Amino acid sequence: MSFLSPALLFGLLAAAIPPLIHLILRRRAVVVRFPALEFIRRSNRKTARRFRVKQILLMAVRSVLLGLLAFALARPLLTHDDAPVAMSGEPDGATVVVVDAGYPMRWRLDGEALLDRARFQAETLLADGSGLAALVVAGDRVEVPIDELTGDLAAVRREVGRIEPGHRPADLGEAVSRAYELLADRPGPRRVAVLTTPAGAASDLPQPSAAGVELVPVAVSGGASVPNRAVTGVALRPAPEIGASHWRIDARVLNAADAPVKRLPVHLEVDGVVTVRGFLSLGPGEEAVKTFYAPIETDAAVPARVVLDPDALEADDARPFWLRPAPRIRVLAVNGDPRPTPYRDELFYLERALAPSATAGARVRLTISGADTLDRFDLSEFDVVVLANFGAPTPPVARALTAFVNGGGGLLMAVGDRVEPAEANVALAGLLPRTLRTVRQAGDAAASAEGGDRQATRPTGFERGHPILRGIPDPEASSLASARITRYMLLDPAPEAAGEVVIGLDDGAPFLLTREVGSGRVALLTGTLDRDWGDLPIRPDFLPLLQNTLRYLTRVAEVDTAPVLVGRAAPVPVEDPRVRRVKVQTPDGDLRVSERPSGEDPWVFEETARPGLYRLSPDPPLPGLVALPGFAVALDPAGADLRGPRVVGEEAQGAAEARAAALGVGRRTELWHAALGGLFVLLLAEGALLFRRRREAPALRQRPEPTPSA
């Protein structure tokens, strides 16, 4: 017999507490004999002896009860001796034990983690044996606690006891390769024992290249079923069909089991409060999506997570993420060609594209100005200025626009009939991506005779990597590519152009260009925002194109709440250029400092060793800055399925016992379940003794007073 927690056997000393209390509290009464009571004492002597026996039994039951409780907490078990010990009788042999310490080993079988079972089997392999041994731990990274084979098996067992589970799936391939390196050039029998999950034991492990080396993968679950359910991903997108500032959260849930699950409880938590509850039914091995809708109206990001009903592996039953509010974008649109007929007005389509019902992904506050009233506005109160068919600005307005863009603002310029190229080139010389040349009518000399589409050109040459087009999955197949452009502004070719062409036309002319000026950005559309020069504004993809352009000009990144995986670099979601350094609070409360890199390198944080929510704060604090959004780190869903080959029942049990026998790890029978059962029996016995004592206690009756005589 052995114990998983032998230190708790010190609790057996508690069995002496009832006798000690009995001896301490026992008192000897002074005997005073009264002749009148002698007859009563003799008649109750037999009852007193029986009462004393029951007191002794009650004291013994309580002592055994305390001792049995300590015995059960020490978790006793019996190991069967029907298999030889792996290392005994092999003085020239060598064994390397590879222990899987990835997060799937946290899965609990009968209240015991698989990693605890792996520790027990590893200690059994290394107990009372001879020969050489080594240990390889495959956790968050592959480690070799003792970097060479050693005959000090006690030292290896101590390292086994120090193994802690990690937060990533184990790289068993690298761990087995390291084990082969330790066994290289060793004579005699050599063996690599891999203690892992059923999925790990059935994985494609590297086979030994040297003769005489045996690889024995063992599933420590012993053939028992290891079903698991996990949240494997979360996606977030605006939901304008529900309402402004509403978001749709799609959570992917996996049922990694051989049996279906009906009405699995799943809920959405926002800032620690359960906001939406639901159920999900999954077939064996099926992955499905559960959709939630939630309104977010705050200015600061809030932590959220999707949570399943807990199972044997609680680590992957929740998926954290940051629910970021819709960004606020303040837009000043200058109408250069107002019209009394609404649909012919220059800003008619822009106003509808930026309506709250269409911009759930961004809260746009639109202010409209006329061409003659632009100088009345303070541009510092806006994020983007839109010049729609606006002629050449006056010198004061041009200087204000230049200062606005250089200070971090965004400028979107759309041309039209009222734009004079020569005057605009002079006024906006420091802002335009390229100089304007002249208006061109689409088509060629034969267009008037042949007619058809040769009188129009179409957008093509999409720069897929540009942020403006990232929200459009396939621009060439979108409605943008079918738009008919009848007129557009030609630009002067520039050998060293400062701007970048995002969309071109099929005749080679640029249609949408961008340029960075100082801390700000400029976008130039060589067409119009109304239908005077083409039908682009009535195309369905005009809306995401315009919204993405505004986000690009304001440096508002696309909302991306997908957590990064443990151990991978996480982007720091800070767009404000004033923030040069942030403090990062990890899920365990530690503080780290991260500085914005110089140049165009992305700002990332690499110390993502633990899953959970990472919080950001500017260092030093900035007045008036809305709380920074954080980022989330999640477990790799690749480890969610612990199952091996689809083998069940007696066949799986027999395969597991065969591998254990090959290692010399005999089967074990845990006795603590029976000890707990005996504990309940003793509690019932104590209750019965106390009940019978109360029944047999003599009742004291009040002696009736004598009746006074007449």
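Located above this text is the structure these notes cover.
Residues numbered from 1 in each chain as written. Predicted model: local features only at pLDDT ≥ 70, side-chain atom pairs only at ≥ 80, totals over all residues. Heavy atoms only, no water.

Chemist: Looking at this model, I keep getting lost on the overall build of the protein. Mind explaining?
Modeler: Looking only at helices and strands, the protein has 14 helices and 34 strands in total. When burial is assessed residue by residue, the protein has 46% of its 710 residues classed as buried. Pairs at least 24 apart in sequence give 72% of the contacts found in the protein among residues at least 6 apart. When the accessible area of the protein is evaluated, it comes to approximately 36200 Å², of which 54% is carbon and sulfur surface. (Helix = DSSP H or I, 4+ residues; strand = E, 2+ residues; numbered from the N terminus. Buried < 20%, exposed > 50% of the residue type's maximum accessible area, 1.4 Å probe, protein only. Contact = heavy atoms within 4.5 Å. Areas by Shrake-Rupley, 256 points an atom, 1.4 Å probe, with all protein chains shown as cover.)

Chemist: Just to check I follow, could you spell out unusual backbone geometry for this structure?
Modeler: Residues apart from glycine generally show negative phi values, whereas peptide bonds are mostly found in trans. At the junction of Asp 619 and Pro 620, the peptide bond is cis and its omega measures out at 5 degrees in the coordinates. Checked against the element boundaries, Pro 620 lands in the loop between β32 (612-618) and β33 (631-634). Although it is not a glycine, Asp 110 sits at a positive phi angle of roughly 55 degrees. Take Asp 110: it is sitting in the loop between β4 (108-109) and β5 (112-113). Asp 110 sits in the exposed class, given a relative accessible area of 54%. Unlike most non-glycine residues, Arg 263 shows phi in positive territory, near 50 degrees.

Chemist: I keep staring at the nonpolar core and nothing clicks. Help me out?
Modeler: What tends to happen in soluble globular proteins is that the nonpolar side chains get buried as a cluster. Residues Val 97, Val 99, Leu 135, Val 574, Val 582, Leu 616 and Phe 631 are the most contacted members of the largest nonpolar core, which totals 44 residues. At 5 residues, the largest contribution of residues to this core is made by helix α4 (residues 114-125). With residues near it in sequence (within four places) discarded, Val 97 still touches Ala 122, Leu 125, Leu 126, Ala 134, Leu 135, Val 136, Ala 193 and Leu 195. Core analysis: the second largest hydrophobic core is formed by 41 residues, Val 386, Ile 468, Leu 480 and Ala 481 among them. (Core = buried A, V, L, I, M, F, W, Y, C linked by side-chain atoms within 4.5 Å.)

Chemist: Even after reading the chapter, I still don't get the pattern of salt bridges, so can you show me in this structure?
Modeler: Note on pairing: side chains with opposite charge can pair once their charged atoms come close. Enumeration according to the criterion identifies 24 salt bridges in this entry. Notably, a salt bridge pairs Arg 418 with Asp 337, separated by 3.3 Å at the nearest N-O pair. Of the two residues, Arg 418 sits in the loop between β20 (410-414) and α10 (421-427) while Asp 337 sits in the loop between β17 (328-335) and α8 (348-353), which places them 81 residues apart along the sequence. On the basis of relative accessibility, which here comes to 48%, the residue Arg 418 falls in the partly exposed class. Via salt bridges that share partners, Asp 258, Asp 641 and Arg 643 belong to a single interconnected network. (Salt bridge = Lys/Arg side-chain N within 4 Å of Asp/Glu carboxyl O.)

Chemist: Where do I start with the environment of Arg 470 in this structure?
Modeler: Note that Arg 470 resides in the loop between β22 (459-460) and β23 (487-491). Placed 74 residues apart in sequence, Arg 470 and Pro 544 show a C-alpha to C-alpha distance of 9.9 Å. Each residue touching Arg 470, except ones within four places of it in the same chain, is listed here: Arg 464 and Gly 465.

Chemist: Honestly, the packing of aromatic side chains in this entry has me stumped. Any pointers?
Modeler: Working definition: an aromatic ring pair is given by the centre-to-centre distance plus the angle between the planes. In this structure the tally under the stated criterion is 5 aromatic pairs. Ring geometry for Phe 377 versus Phe 382: centroids 6.2 Å apart, planes at 70 degrees, classification edge-to-face. Judged by relative accessible area, which is 6%, Phe 382 ranks as buried. Relative to Phe 631, the ring of Tyr 614 lies with its centre 5.0 Å away and its plane at 10 degrees, an arrangement referred to as stacked. Taken as a pair, Tyr 614 in strand β32 and Phe 631 in strand β33 lie far apart in primary sequence, 17 residues in all. The pair Tyr 614 / Phe 631 is uniform in exposure class, with both members buried. (Phe/Tyr/Trp six-rings, centres within 6.5 Å; stacked < 30°, edge-to-face > 60°.)

Chemist: I would appreciate a short explanation of the sheet that holds strand β19 (residues 384-388) in the present structure.
Modeler: Working definition: the strands of a sheet are paired by backbone hydrogen bonds and lie parallel or antiparallel to each other. Taking strand neighbours across the sheet as the criterion, the 8 strands line up as β18-β17-β19-β20-β26-β25-β24-β22 in an open arrangement whose pairing is mixed. Strands with a single pairing partner mark the edges of an open sheet, and in this sheet they are β18 (363-370) and β22. Across 4 bridges, the pairing between strand β24 (residues 500-505) and strand β25 (residues 510-517) is antiparallel. Its bridge partner lying in β25, Gly 504 is registered against Pro 510. (Pairing = 2+ DSSP bridges.)

Chemist: How do you make sense of the pairing of strand β16 (residues 318-323) when you look at a structure like this?
Modeler: Every other side chain in a regular strand lies on the same face of the sheet, so the side chains alternate between the two faces. The buried fraction of β16 amounts to 5 of the 6 residues, a majority that puts the element mostly inside the structure. Relative to β16, strand β15 (residues 302-308) is paired through 6 bridges, and the arrangement is antiparallel. Bridged to Arg 305 within β16 is Pro 320.

Chemist: Teacher, can you tell me more about the sheet that holds strand β29 (residues 581-585) here?
Modeler: Read across the open sheet, the 5 strands follow the order β27-β33-β32-β29-β30; overall the sheet is mixed. Edge strands, defined here as strands with exactly one partner in the open sheet, are β27 (564-565) and β30 (591-595). Relative to β32, β29 runs antiparallel, the two being bridged by 4 bridges. Its bridge partner being in β32, Val 582 is matched across the sheet by Pro 618.

Chemist: Would you mind going over helix α6 (residues 172-183) with me for this structure?
Modeler: For the α-helix, the turn length of 3.6 residues means that residues three or four positions removed from each other point alike. Over its 12 residues, α6 extends 17 Å from the first C-alpha to the last, a length consistent with the 16 Å expected when each residue adds 1.5 Å. Residues of α6 that are buried include every one of Leu 172, Ala 175, Val 176, Ala 179, Tyr 180, Leu 182 and Leu 183, and no others. An end-on view of α6 places all buried positions within 160 degrees of arc, on one side of the element. The secondary structure elements touched by the buried residues of α6 are β3 (94-100), β6 (132-138), β7 (142-143), β8 (190-196), α7 (198-201) and β9 (213-219). Looking one or two residues beyond α6, the residue adopting positive phi is Asp 185, at roughly 65 degrees. (Expected span 1.5 Å × (residues − 1). Arc of directions from axis to C-beta.)

Chemist: Mind showing me how you'd approach the environment of Gly 504 here?
Modeler: Looking at where Gly 504 falls in the secondary structure, it is placed in strand β24. Separated by 46 residues in the primary sequence, Gly 504 and Arg 458 place their C-alpha atoms 8.6 Å from one another. If we ignore the near neighbours within four places in the chain, the residues touching Gly 504 are Arg 458, Pro 459, Thr 460, Gly 461, Ala 509, Pro 510 and Phe 511.

Chemist: Just checking my understanding: could you explain a nonpolar patch on the surface for this structure?
Modeler: On the surface, a cluster of nonpolar side chains totalling about 270 Å² of accessible area is made up of Leu 676, Phe 680 and Leu 683. Along the chain, Leu 676 turns up in helix α14 (residues 672-696). Its relative accessible area of 30% is what places Leu 676 among the partly exposed residues. (Patch = residues over 30% accessible without salt bridge, like charges linked within 9 Å, V, L, I, M, F, W, Y side chains within 5 Å.)

Chemist: I tried to follow the side chain of Thr 586 on my own but got confused; where do I start?
Modeler: Here Thr 586 is to be found in the loop between β29 and β30. Contact partners of Thr 586, with chain neighbours within four places excluded, come to Arg 592, Leu 613 and Tyr 614.

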